[in-house]
Structures are given as structure tokens and as C-alpha cells.
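# Structural features, examined
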Amino acid sequence: MCTSWRLVSLNAQFISEAGSLIHTSLGHLIYSETQKGEYVKAKGKDTVVHSYLGFPFAKPPVGPLRFSPPQPAEKWAGVRDATKQPFMCLQDKQLVEDLVASISMNIEVPDSSEDCLYLNVYTPSKPGANHKLSWFGGFSSCSASIFDGHVLAAYQDVVVVLIQYRLGLLGFFSTGDEHAPGNYGLLDQVAALQWVQENIHSFGGDPGSVTIFGESAGGVSVSLHIMEDFMFNIPTRKLANYHRDAGAPIYMYEFQHTASILQKKRPSFVGSDHTDEIAFVFGSCFADGHIKLKASGAPVYLYEFQHPPSMIQKNRPSFVGVDHTDELFFIQGTCFAKAHLKAAAPFTKEEEELCRTVMGYWGNFARTGSPNGPGLTHWPEYEDEAEYLGIGLEQKTGKNLKRKHYAFMTKTLPDLIRRDREKTEHLEL
């Protein structure tokens, strides 16, 4: 994302009253307003958003391409239909359906397939949405279809791209040598970002103005893309919801928590949920990652999300506060969703205002590298006093987030482990 708004004409020509044609480096896409991917509007906005679904950014990773880096997608003849959700990458569909039901969402979950390297693009119909956000989801269970970019596109006038990549064993299996080096899922993400560089101008986006963002494993992905080995000089800003740092290769059930070295001075945006795996998030990876980010000279903004969505909080035990993924409802503007993803229960008026606030912070960061803007509570940089923003129905700044937890993970616990080892060694002697 760049710091200025620039009009970029959509490279499209109307072919009939029922649809429009988009030119890309691989071929043409048809968008039809009479089929499943119809033009959509978000609640409370008149902006029309076009959704282009199931765009291939690499060859299907099957047969000899299984456990191999992604290969460039082949061109096609004629016009490709971009109105249907793509297959999910291989995962437990019932698990996804149960998850969707547990968070009171109405979504038609597609089948899964190894042929899954596709992305969805959401762009406002008027030209000028030259700021672009690319979203990464989970390492073992996720798909573009369980998210929706049309509200964020409408409210913040940005192009939103939802990226799929290989998951689980197929995405991260490694033998530790040249036969299966692993990290295919991360390489899929890079291939998708390279597609963005080559094609996003056709959707009204600026390839020199890109923000990558993600939650949970998507936050891990953003952190890993800080490393130059993965980014290949792709110009980006980063939004990491629930940030972690990890080494390479990534083992799905054995994360290597080594801090990444920031090679490029780019703004970063980092956060967690109020009660979300505190001991893990605020361990040494949390501290080292943010200290290194800040030491590089790049601005860092830290937040804690503090409001549980009312529609799902009523179904939780009383001791559960804000939980994993709760902020996603507000980042993607689910309060105002009217397309394939809808809430099964209404949000309160206060939560709708929180949706606007959160999308405002995220949109500002995409445009300027800072979340701050008119009408929003000032968000301080994470500097010497470790300031952060508590995001809830009211926004409040604070300092030294989870200081006691951090001290326990970085000082008390290592000291206890060291003493226990010394005691054991003494007894063995």
C-alpha cells in the first residue's frame, strides 16, 4: 500500500448487460451479475463491489507436482467464469462446518481438493481503489470461502485478495533434505503475491502498494514473510493479527520459535485477543519479534482486542472472554455483510460502530503505514514505554501489555527450568 490515493482505471470492457470482462496475464475473466458471484453491496454503503472468485495463481499441485514448489498457472483460451467459490485445500470439511456453526455464521462450505491454489478478489466498481490487502488464513484448516472481502472493500475503498495455499501435510511436510524441503504452503503464498504484482492493476489495484495481513497461522505467515528469503523483494506492509515468529522449515505440530530478522524497514501491525493463549503469545517470540521490528527502525503498532462478539459470547462459558478469531468479525466487517457470508444473529449498534472503527484502523494502515486517522482514538507506536491500543466498544491506550506474563515466560520459567536441570544433574552425579 502506498501513502497517496491514485486513480487507476479498471482494465475492463463490458461484453453484455449481464457481465464484464477482465484482462489478466493468463487470460480473460468473466464477471456475471446474473450468476452466483453477483455484484454486491455492503449494508450501509452504496458502493458496488465486484467479486472475482476462484482465480488460479499456480498449476494444480497434483501428481508429480505434489510436495513441490508451486508452478506458474497455465493460460487458458476463451473467457473463464469467476463466479464460483474454489475448492478448499484438503482438510476436514465437517470440522470447518462445525466451526462455522459454532460462531453463528451462515456459509456454504465447499468441498476440498488438492486442486486448490486459487484466490478471490474483491474490488470497488469505481476506479481509484489502488490500495490492496492480501489475507492469509490457517495452516491446517482454512479457505478463502470462509472469509469475505466485500465489506472492507466497500467501506475502505481498497482491493481485497483472499489467498488459499496448501495446508497440513501437503503444505508443510519436510524430510529435512532436498527430496522434500517443505514449506510449500509458504511458497504458495509467495506465488499468489507474485500474481498480485502482475495482475492487480487490472482490478484497480497498485502493485507497488500492497499490505499482507492474517490471523492465527496467517499471522505466522505475515511474520515469516518479513524474511527476505520468502518475500523476493515484493513491496508490502504487514498486519499480523495474533503474531508469532517461527523458524524454517515449519513443522505443523512442532513450531520452532526463533525470532525472525527483519531485512526491510516496513511498518508492522501486531495484536492478540484478550484471553487468547496468553502464555504462548507473550513468550520470548512475542518480545524478541517486536523488539527486533522496532530496532530495525520500522514503526510497530500493538493492540489487544477486548470485545467478544455478543452473538457468540452468549453460548460460551462465563469464564471465557475474548477468544481466538473474535476480531475477525470486525476486521472483515461481518456486521454489514450481505454476500455469501452472513451472521446468523444480529450485531448490536455499538458493535456496528466497532466494525467501522476497526476497518478504519486497518484501512488507514493500508493507505499510509499508520492506523491513525480522523475520528479515531490515537494509536501510539510501540516504543520504549511499550504502548498499545486496547480495542473494544471504547478504545483505550495502555502500556506494558501482559507485563507479568512476559516476565514469567522470559525470566521466571527459564530460571525454574535451569534450576531443575542443575538439580537433576547434581543428583545424577
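Look above for the structure.
Criteria and thresholds
Residues numbered from 1 in each chain as written. Predicted model: local features only at pLDDT ≥ 70, side-chain atom pairs only at ≥ 80, totals over all residues. Heavy atoms only, no water. Helix = DSSP H or I, 4+ residues; strand = E, 2+ residues; numbered from the N terminus. Buried < 20%, exposed > 50% of the residue type's maximum accessible area, 1.4 Å probe, protein only. Contact = heavy atoms within 4.5 Å. Areas by Shrake-Rupley, 256 points an atom, 1.4 Å probe, with all protein chains shown as cover. Disulfide = S-S within 2.5 Å. Salt bridge = Lys/Arg side-chain N within 4 Å of Asp/Glu carboxyl O. Core = buried A, V, L, I, M, F, W, Y, C linked by side-chain atoms within 4.5 Å. Expected span 1.5 Å × (residues − 1). Phe/Tyr/Trp six-rings, centres within 6.5 Å; stacked < 30°, edge-to-face > 60°. Lys NZ or Arg CZ within 6 Å of the ring centre and 35° of its normal. Pairing = 2+ DSSP bridges.

Another aspect to go through is the overall build of the chain. Per the secondary structure count, the chain includes twelve helices and 17 strands. Looking at the chain as a whole, 56% of its 429 residues qualify as buried. Across the chain, contacts joining residues at least 24 apart in sequence account for 73% of those joining residues at least 6 apart. Counting every atom, the chain has about 18300 Å² of accessible surface; 53% of that belongs to carbon and sulfur.

The subject of this paragraph is the state of the cysteines. Enumeration according to the criterion identifies two disulfides in this entry. Put simply, C89 and C116 are joined by a disulfide, and their sulfur atoms are 2.0 Å apart. When the S-S torsion is 90°, as for the bridge of C89 with C116, the disulfide is right-handed. You can see C89 sitting in the loop between β6 (79-81) and α1 (93-102) and its partner C116 sitting in the loop between β7 (105-106) and β8 (118-124), a full 27 residues away along the chain. Residue classification places C89 among the buried positions, given a relative accessible area of 3%. Since its relative accessible area comes to 1%, C116 is described here as buried. The disulfide partner of C335 is C355, and the gap between their sulfur atoms is 2.1 Å. Between C335 and C355 the disulfide shows an S-S torsion of about 70°. By sign, it is right-handed. One end of the pair, C335, is in the loop between α10 (328-331) and β15 (342-343); the other, C355, is in helix α11 (residues 349-368), and 20 residues separate them in sequence. You can call C335 buried: its relative accessible area is 8%. Cysteine pairing in the chain follows 1-2, 3-4, where each cysteine in a disulfide is numbered by its order in the sequence.

Right, let's get into the environment of R403. In this fold, R403 is placed in helix α12 (residues 403-428). R403 gets classed as exposed once you look at its relative accessible area, which sits at 56%. Considering only alpha carbons, one finds R403 and A386, 17 residues apart in sequence, at a separation of 9.7 Å.

In total, this model carries twelve salt bridges according to the counting rule given. Across the salt bridge formed by K93 and D111, the nearest N and O atoms sit 2.7 Å from each other. Remark: D111 occurs in the loop between β7 and β8 and K93 occurs in helix α1; sequence separation between them is 18 residues. The partner of R166 in a salt bridge is D188, and the shortest N-O contact between them spans 2.8 Å. Of this pair, R166 sits in the loop between β10 (159-163) and α3 (168-172) while D188 sits in helix α4 (residues 184-199), placing them 22 residues apart in sequence. Residue class for R166 comes out buried when judged on its relative accessible area of 4%. Look at the salt bridges and you will find they share partners, linking D415, R418, R419 and E422 into a network.

Once that is clear, we can look at the nonpolar core. Ranked by size, the top nonpolar core spans 51 residues in total, and within it F305, F330, V358, W362, W379 and I391 carry the most contacts. Here this core gets seven residues from one element, more than from any other, and that element is α11. Core analysis: the second largest hydrophobic core is formed by 31 residues, W76, V196, F203 and I212 among them.

The buried fraction of helix α5 (residues 217-224) amounts to eight of the eight residues, a majority that puts the element mostly inside the structure. Among the residues making up α5, those that are buried are A217, G218, G219, V220, S221, V222, S223 and L224.

When the terminal C-alpha atoms of α4 are compared, their 22 Å separation across 16 residues agrees well with the 22 Å that a helix rising 1.5 Å per residue should span. Counted residue by residue, α4 has twelve buried out of 16 residues, so it is predominantly covered. Within α4, the full set of buried residues consists of Y184, G185, L186, D188, Q189, V190, A191, A192, L193, W195, V196 and N199.

In this section: the packing of aromatic side chains. The full count for this structure, using the stated rule, is 14 aromatic pairs. Linked through ring pairs, Y301, Y303, Y361, W362 and W379 together constitute an aromatic cluster. Of note, K45 hangs over the ring of Y155, and the distance from its end group to the ring centre comes to 5.4 Å.

A separate point is the pairing of β8. Of all seven residues making up β8, seven are buried, and the element is well covered by its neighbours. Going residue by residue along β8, you find Y118, N120, Y122 and P124 tucked away on one face and L119, V121 and T123 tucked away on the opposite face as well. In this structure, strand β5 (residues 48-56) lies alongside β8, joined through six bridges in antiparallel fashion. The residue bridging V49 from the neighbouring strand is P124, located in β8. Alignment of β8 against β10, held across four bridges, turns out to be antiparallel.

Before going further, it helps to spend a moment on the environment of Y388. As for its placement among the helices and strands, Y388 is situated in strand β16 (residues 387-391). Taking C-alpha positions, Y388 is 7.8 Å from N400, a pair spaced twelve residues apart along the chain. Aside from chain neighbours lying at most four places away, what touches Y388 is L302, E304, P380, K396, T397, G398, K399, N400 and L401.

In this section: unusual backbone geometry. Residues apart from glycine generally show negative phi values, whereas peptide bonds are mostly found in trans. Positioned with a positive phi, S104 is a non-glycine residue whose angle comes to about 55°. Relative to the assigned elements, S104 resides in the loop between α1 and β7. With a phi close to 55°, D157 is a non-glycine residue in the positive phi region. Inspection of the secondary structure assignment puts D157 in the loop between α2 (150-156) and β10.

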